[in-house]
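Summary of the model geometry
Listed below, chain by chain, are the residues.
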Amino acid sequence: MDKFGGRYGCLFCHATKDHMNSGISKEDRNMMSLREDYKQFVAHGSHEETSKDISRNVVREPMVNIDIDHVSIPCLHISLGVFKKLYDLLESDAHNLDRKIYKLRQSNPSEELNNFEITIAKKTALNEACREKINKLQIDISNMEDNMPISQLLKSTALTTKLQAIRELEKSIEKDDFKVGAGPLTAAMDNVLKKHKVDRQAYHGKAFIGNHVHKCCKINIISHLIAACQSTFDEQSMDLPIGIAKDLQLELDTMKDKYIPLFSKYSIVEQKINHTRSLTTEEIKEIDNNIHDFVGEFRKYGHSITPKMHMLEKHVVPTLKRWQIGLGLLSEQGGEQIHAAFNRQARSVYGVQSEMRKMISIMRNHLTLTSPQINSKVVKPKKRLRKDCTNSVEE
Ligand SMILES: [Zn+2]
């Protein structure tokens, strides 16, 4: 398949981005349809850029001959992706509130306001306007890419003008911007994560770790995050005019109304699917309702449905019905563990020069450690008693 975010971004079915957004189900992919799509791709010159028009984003032959309904649903990555999406949206709203507080302080300077805050407020207002324009242009471009055949797209002057406009706007954004996490509310949210020992990977777009997402859902982290935002806001709004502080409080209340149900509903789904227990038909029916409840709530706000959210909505329940167990036993987590084990092995053969010898050594070690046949023949070391030791010495 071409890039994950392509027009046909789902491995399991033929839903496009538009179908995902409106929740429309499409027919499933299978080995026959994949091969047929690949044939079309080759017949049209194997151009990856046009694969969305020609081969529903299929650009390679299947690597393994296993039908799609036997492919494990990427449960771990669905969790990571959906939770991150929710957290990013919450953080972005908190960041907007942070910006407003600074902007207001600029127009209602108090004695406590320092030069740093004034400078930040000025830059923020300018950069915010630029970013909004860039966002609009990017949405336009993405729609054009999705809906126009590549031959037209390449000739389109509208596309070139939009790309040029984005480059210019990016240049005009000042470098020392008021970054997400620099304001009081987002900083308070970061502290809540730290307090609960939840890490975000600084070099991977602030992604979460699987176990930490599960932990966040277990303790319903949203209640802690919102409480931290409220107490920080109370401190920050003390020197703001009462009317304005009330307006901002209303915005914070809107945030609560939006994110508390969203996170809570997702927490229920996450805990009900991400385990290794068996499931009854009744339980699966309930999970189906929980998933629709969550995705319906998310759709209410007009956010686009990502491929991971689409998989949660359309493909998790059929998988549960088929295997009748939690996704913890089916998902890619075992694969991820093997990946980590191979990485550990690779460190021990770092000094070996030949790539082939390195690989053989890793595979041999792995086989020795995991093969039951080999393990059964390995003689376990006997625990020697002190008495045995003295005897053997005397002999
Ligand atoms: Zn699908």
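Residues numbered from 1 in each chain as written. Predicted model: local features only at pLDDT ≥ 70, side-chain atom pairs only at ≥ 80, totals over all residues. Heavy atoms only, no water.

1. Remarks on the environment of glutamate 336
Test applied: Where helices and strands are cited, they refer to DSSP runs of H or I of at least four residues and of E of at least two residues respectively, numbered from the N terminus. For every residue, the accessible area (1.4 Å probe, protein chains only) is compared with the maximum for its type, and the residue is labelled buried under 20%, exposed over 50%, or partly exposed between those bounds. Two residues qualify as a contact provided that any one of their heavy atoms is within 4.5 Å of a heavy atom in the partner residue.
Of note, glutamate 336 is situated in helix α15 (residues 333–348). According to the relative accessible area criterion, glutamate 336 is partly exposed, its value standing at 34%. Once residues lying within four places of it in the same chain are set aside, the contact partners of glutamate 336 are Leu76 and His77.

2. Section: the nonpolar core
In plain terms, the rule: Among the buried residues, those of types Ala, Val, Leu, Ile, Met, Phe, Trp, Tyr and Cys that are joined through side-chain atoms within 4.5 Å form a nonpolar core. Boundaries of every domain are those given by an automatic assignment or by a domain database.
Grouped together as the largest cluster of nonpolar side chains are 69 residues, with contacts concentrated most on Phe83, Tyr266, Phe294, Leu312 and Val316. Take this core: its biggest share by element is 14 residues, from helix α4 (residues 75–107). Residue assignment places this core across two domains, with domain 1 (17–70) and domain 2 (75–267) each supplying three or more. Setting aside its immediate chain neighbours within four residues, phenylalanine 83 contacts Phe208, Val213, Cys216, Cys217, Ile221, Phe263 and Tyr266. Counting 11 residues, the second-largest nonpolar core is a separate cluster that includes Cys130, Ile134, Ile141 and Leu169.

3. Describing the coordination of the zinc ion
Here is the rule: The donor set covers N, O and S atoms within 2.8 Å of the metal, switching to 3.2 Å for Na, K and Ca, and it leaves out water, so a site may look short of donors. Between 85 and 135 degrees for all angles marks four donors as tetrahedral; over 155 degrees for opposite donors together with 65 to 115 for all other angles marks four donors as square planar and six as octahedral; every other arrangement is irregular.
Distances from the zinc ion to its protein donors, Cys10 (SG), Cys13 (SG), His310 (NE2) and His315 (NE2), fall at 2.0 to 2.3 Å. In this structure, the zinc ion is coordinated by four donor atoms arranged in tetrahedral fashion, with angles at the metal of 102 to 121°. All donors of the zinc ion belong to a single chain; written as a sequence motif, their spacing is C-x2-C-x296-H-x4-H. Here the residue cysteine 13 occupies a position in the segment before α1 (17–22), and histidine 310 occupies one in helix α13 (residues 307–314), the gap between them amounting to 297 residues. With relative accessibility at 2%, the residue cysteine 13 sits in the buried group.

4. Quick look at the confidence of the model for the protein chain
Defined as follows: A score from 0 to 100, pLDDT tells how confident the predictor is in each residue.
Looking at the protein chain as a whole, the pLDDT averages 83, with 87% of positions reaching at least 70. By mean pLDDT, the top-scoring element of the protein chain is helix α12 (residues 281–299) (96), and the lowest-scoring one is helix α18 (residues 386–394) (52).

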